[in-house]
There are 2 protein chains.
Amino acid sequence: MTFQRIAIIGLGLQGGSIGLAVREYLPDAQTTGYDHLPETRARAAERSLVDQVCETAAEAVREAELVIFCVPPSAMGEAARACADAIPATALVSDVGSSKQAVAKALGEALPHHTIIPAHPVAGTENSGPDAGFASLFQNRWCIVTPPEPSNLLLLTGLVEFWEALGANVEIMDAQHHDLVLAVTSHLPHLIAYTIVGTASDLEAVTQSEVIKYSAGGFRDFTRIAASDPTMWRDVFLSNKDAVLEMLQRFTEDLTALQKAIRVGDGDTLFEHFSRTRAIRRSIIAEGQDDARPDFGRSDHGKI
Amino acid sequence: MTFQRIAIIGLGLQGGSIGLAVREYLPDAQTTGYDHLPETRARAAERSLVDQVCETAAEAVREAELVIFCVPPSAMGEAARACADAIPATALVSDVGSSKQAVAKALGEALPHHTIIPAHPVAGTENSGPDAGFASLFQNRWCIVTPPEPSNLLLLTGLVEFWEALGANVEIMDAQHHDLVLAVTSHLPHLIAYTIVGTASDLEAVTQSEVIKYSAGGFRDFTRIAASDPTMWRDVFLSNKDAVLEMLQRFTEDLTALQKAIRVGDGDTLFEHFSRTRAIRRSIIAEGQDDARPDFGRSDHGKI
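What counts as what
- Residues numbered from 1 in each chain as written.
- Chains lettered and ligands numbered in written order.
- Predicted model: local features only at pLDDT ≥ 70, side-chain atom pairs only at ≥ 80, totals over all residues.
- Heavy atoms only, no water.
- Core = buried A, V, L, I, M, F, W, Y, C linked by side-chain atoms within 4.5 Å.
- Buried < 20%, exposed > 50% of the residue type's maximum accessible area, 1.4 Å probe, protein only.
- Contact = heavy atoms within 4.5 Å.
- Helix = DSSP H or I, 4+ residues; strand = E, 2+ residues; numbered from the N terminus.
- Pairing = 2+ DSSP bridges.
- Right-handed = clockwise from strand over helix to strand, strands pointing away.
- Least-squares fit on C-alpha atoms with pLDDT ≥ 70 in both.
- Buried area = accessible area lost by both parts, 1.4 Å probe.
- Salt bridge = Lys/Arg side-chain N within 4 Å of Asp/Glu carboxyl O.
- Polar contact = N/O pair within 3.5 Å; in protein donor to acceptor, adjacent residues only side chain to side chain.
- UniProt positions renumbered as here; feature names shortened; annotations may be inferred.
- Domains from an automatic or database assignment.
- Arc of directions from axis to C-beta.

Identification of chain A as Prephenate/arogenate dehydrogenase family protein from Novosphingobium anseongense is taken from an unreviewed UniProt entry.

Okay, structure coming up:
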């Protein structure tokens, strides 16, 4: 099962990257696309993110074999309802949402008669919108596919091969486990980053210009993910509430323990904790999930 | 006042980088160096981090015009006492410690008859030890100098010009304000990163291999600074306890507010907060304090 006609609903970072990646790695496939914002459609056409930018979602999906919804989690249901009648009965419907149980439910309610297999490419940058996408976004990144039970194996295989063609490594997982794993590897880090950047900008004793000036001491790392799309992330936290709150509870317990160690001057506890966390960095680099160069290979150290 | 003979005590990331930077940017100056670890001295000699690696600290400082202590905050006092008698009375004593009030106190007690002007280059990578240093570490980074009142203006000017020669922009600040500013721009981010990496590695429902696999969703950013030198960071938190605990208190309040917004489904509060934090990222990039490329310009997106 090789999808020849692919419709992309939502032409931001994810949708745009899929369009460009299909052109690069699946040159025989045809892509159509739609975004509810007229200015995004215009920019998508200028950048040729898809072969054909349509004026309605219905027009984009009409002949599709694969429809991928690339909109924020809270917009999935409405986006699907808007073109439900136009999606061919034989088409596979998928998405790229960062939470999977809630999105599967929303798509299922909007498209009760279609085959839906949700997916989540664990890839992105802090940029968003139709200018943010690029063809290599999914190279050597994981794409988690969360098929319902039972699933159409032919369509599932087709979806796996589609993501592999775009450069991703595919993992099959149930939606509930996905939401727990991503709560810790993605959602909690974003929440923490958003929080600390807000805390820093609110301090009256330290001016904003000082925070910016001395950000190379560590703070700047957090500002990157705290610059991510606010709509998308609002939706992620609301749609994966239970798992996020559980991870947050554990994080807070651990932070309280380190806070106490600082307060009582317990250097051994701090040292033991700080030593333990180094191994994870090494594993991430060994598995090709981050840049091995010091400081992520940032350009200001390019002179090494 | 141009320092011609510079002694560096401690030959890790900071000390080694200073040695290499002096050779690159102040080629007329002579450097001596010492580290209490024999293997670090041997590696420093192999890499020629300084012109002469000495077997004792006293030997390294004997003819110095500028002595820079590049050891963890808790080791400053002992390192200074070990060579106090050998430091020339006219020499300027400085350091690179990440907390300034505690280090100034420790150096002052160890060297009551010397001129001490502490400094803190806000630059580093997650690597440590004698292999971590490089000559361009301080280029376009800030170095904060915290002179006591009153200070010898000739020596202060000499220290400022020294750091400027190494490529840094110098800011004069009082030690207390330094400790507050760095608590938020550097110390709190490190504490948060160490905490979340520890939280993730302790989860029983999510395997460590899953955390590593899907780290590109945000988590990997935190693992970089959580791979920093445990000894150094234990000392930073213990030596800047009050400011760190104050910032942590504010962070926790803000996190609790966002947690509540998630729990009650208050999307407006989340969206408002997440929108506000984007501006800081833009300012950091505009001021040349971070890489403007998406995702820090990590190599896996080099194909853009």
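Draft legend 1. Highlighting the nonpolar core. Residues Ile-192, Phe-222 and Phe-251 of chain A together with Ile-192, Phe-222 and Phe-251 of chain B are the most contacted members of the largest nonpolar core, which totals 86 residues. Not counting residues within four places of it along the chain, the set of residues in contact with Phe-251 of chain B comprises Ile-192, Thr-195, Ile-196, Thr-199, Phe-251 and Leu-255 of chain A together with Leu-188 and Ile-192 of chain B.

Draft legend 2. Here's a closer look at the pairing of strand E4 (residues 66-69) of chain A. Residue and element names in this part refer to chain A. Alternating residues of E4 divide into Leu-66 and Ile-68 and Val-67 and Phe-69, and every residue in both groups is buried. Examined bridge by bridge, strand E1 (residues 5-9) and E4 share four bridges and lie parallel to one another. If you follow Ile-8 over to E4, its bridge partner there is Ile-68. Sheet analysis places E4 next to strand E5 (residues 92-95), joined by four bridges and oriented parallel. Note on E5: the bridge partner recorded for Ile-68 is Ser-94. In this view, the connection linking E4 to its parallel neighbour E5 by way of helix H4 (residues 76-83) has right-handed handedness.

Draft legend 3. Main features of the relation of the copies chain A and chain B. The transform that puts chain A on chain B rotates by 180 degrees and translates by 0.0 Å along the axis, for an RMSD of 0.0 Å. Expressed as an axis order, the relation between the two copies is that of a two-fold axis. In this assembly the copies share their binding face: 100% of the residues contributing to the interface of chain A also contribute to that of chain B.

Draft legend 4. Local environment of the pairing of strand E1 (residues 5-9) of chain B. Within E1 of chain B, four of the five residues are buried, leaving the element largely enclosed by the surrounding structure. Following the chain from E1 of chain B across helix H1 (residues 13-25) of chain B to the adjacent parallel strand E2 (residues 30-34) of chain B, one finds a crossover that is right-handed.

Draft legend 5. Geometry of the interface of chain A and chain B. Listed as interface residues are 113 residues of chain A and, on the opposing side, 113 residues of chain B. Overall, the association of chain A and chain B removes approximately 10600 Å² of surface from exposure, summing both partners, and the carbon and sulfur fraction of that is 66%. When the area that chain A buries against chain B is broken down by residue, the three leading residues are Tyr-214, Ile-262 and Phe-274 of chain A, summing to 7%. Where chain A meets chain B, there are 13 salt bridges. On inspection of chain A and its partner chain B, the count reaches 37 residue pairs in polar contact (both at pLDDT 80 or more).

Draft legend 6. Broad picture of unusual backbone geometry. All names here are of chain A. The amide bond that connects Glu-149 to the next residue, Pro-150, takes the cis arrangement and shows omega of -10 degrees. Secondary-structure assignment places Pro-150 in the loop between strand E8 (142-145) and helix H6 (153-165). The backbone phi angle of Asp-295 is positive, close to 60 degrees, even though this residue is not glycine. You can see Asp-295 is positioned in the segment after helix H13 (278-286). Residue Asp-295 is classed as buried on the basis of its relative accessible area, which comes to 0%.

Draft legend 7. The pattern of salt bridges, seen in detail. Inspection of the entire model under this criterion finds 43 salt bridges over all chains. For the salt bridge of Arg-23 of chain A with Asp-51 of chain A, the shortest nitrogen-to-oxygen distance reads 3.1 Å. Remark: Asp-51 of chain A occurs in the loop between helix H2 (38-47) and strand E3 (52-53) and Arg-23 of chain A occurs in helix H1 (residues 13-25); sequence separation between them is 28 residues. A salt bridge links Asp-295 of chain A to Arg-298 of chain A, with the nearest nitrogen and oxygen atoms 2.5 Å apart. One exposure class covers both Asp-295 of chain A and Arg-298 of chain A, and it is buried. Salt bridges sharing partners connect three or more residues here, namely Arg-220, Asp-221, Asp-295 and Arg-298 of chain A together with Glu-126, Arg-224, Arg-281 and Asp-290 of chain B.

Draft legend 8. Representation of the UniProt feature "domain: Prephenate/arogenate dehydrogenase" (unreviewed entry) in chain A in the model. With numbering aligned to this structure, UniProt lists the feature "domain: Prephenate/arogenate dehydrogenase" (unreviewed entry) at residues 4-292 of chain A. Annotated as residues 4-292 of chain A, this span is 53% helix and 11% strand, and its ends, taken at the C-alpha atoms, are 38 Å apart.

Draft legend 9. The arrangement of the side chain of Asp-95 of chain B in detail. All names here are of chain B. Mapped onto the elements of the fold, Asp-95 is located in strand E5 (residues 92-95). The class for Asp-95 is buried, based on a relative accessible area of 0%. Polar side-chain contacts of Asp-95 include one of 2.8 Å to the side chain of Lys-100. Among the polar contacts listed, one links the side chain of Asp-95 to the backbone nitrogen of Ala-119, at a separation of 3.2 Å. Residue contacts for Asp-95: discarding those within four places in its chain leaves Ile-68, Phe-69, Met-76, Lys-100, Val-103, Leu-107, Pro-118 and Ala-119.

Draft legend 10. Up close: the domain arrangement of chain A. Residues and elements named next belong to chain A. Along its sequence, chain A is carved into domain 1 (5-173) and domain 2 (177-301). Computed over C-alpha atoms, the centres of domain 1 and domain 2 are 29 Å apart. Note on domain 1 versus domain 2: buried area summed over both sides is about 1500 Å², and carbon and sulfur give 55% of it. Considering only the side of domain 1, the residues that lose the most area to domain 2 are Ser-98, Glu-126 and Met-173, jointly responsible for 34% of the buried surface there. At the surface where domain 1 touches domain 2, the tally comes to one salt bridge.

Draft legend 11. Region of the structure containing helix H12 (residues 267-276) of chain B. Within H12 of chain B, the full set of buried residues consists of Gly-267, Leu-270, His-273 and Phe-274 of chain B. In an axial view of H12 of chain B, the angular spread of the buried residues amounts to 135 degrees, which keeps them on one side of the axis. Those residues of H12 of chain B that are buried are in contact with helix H7 (175-202) and helix H10 (230-239) of chain A together with helix H11 (241-264) and helix H13 (278-286) of chain B.

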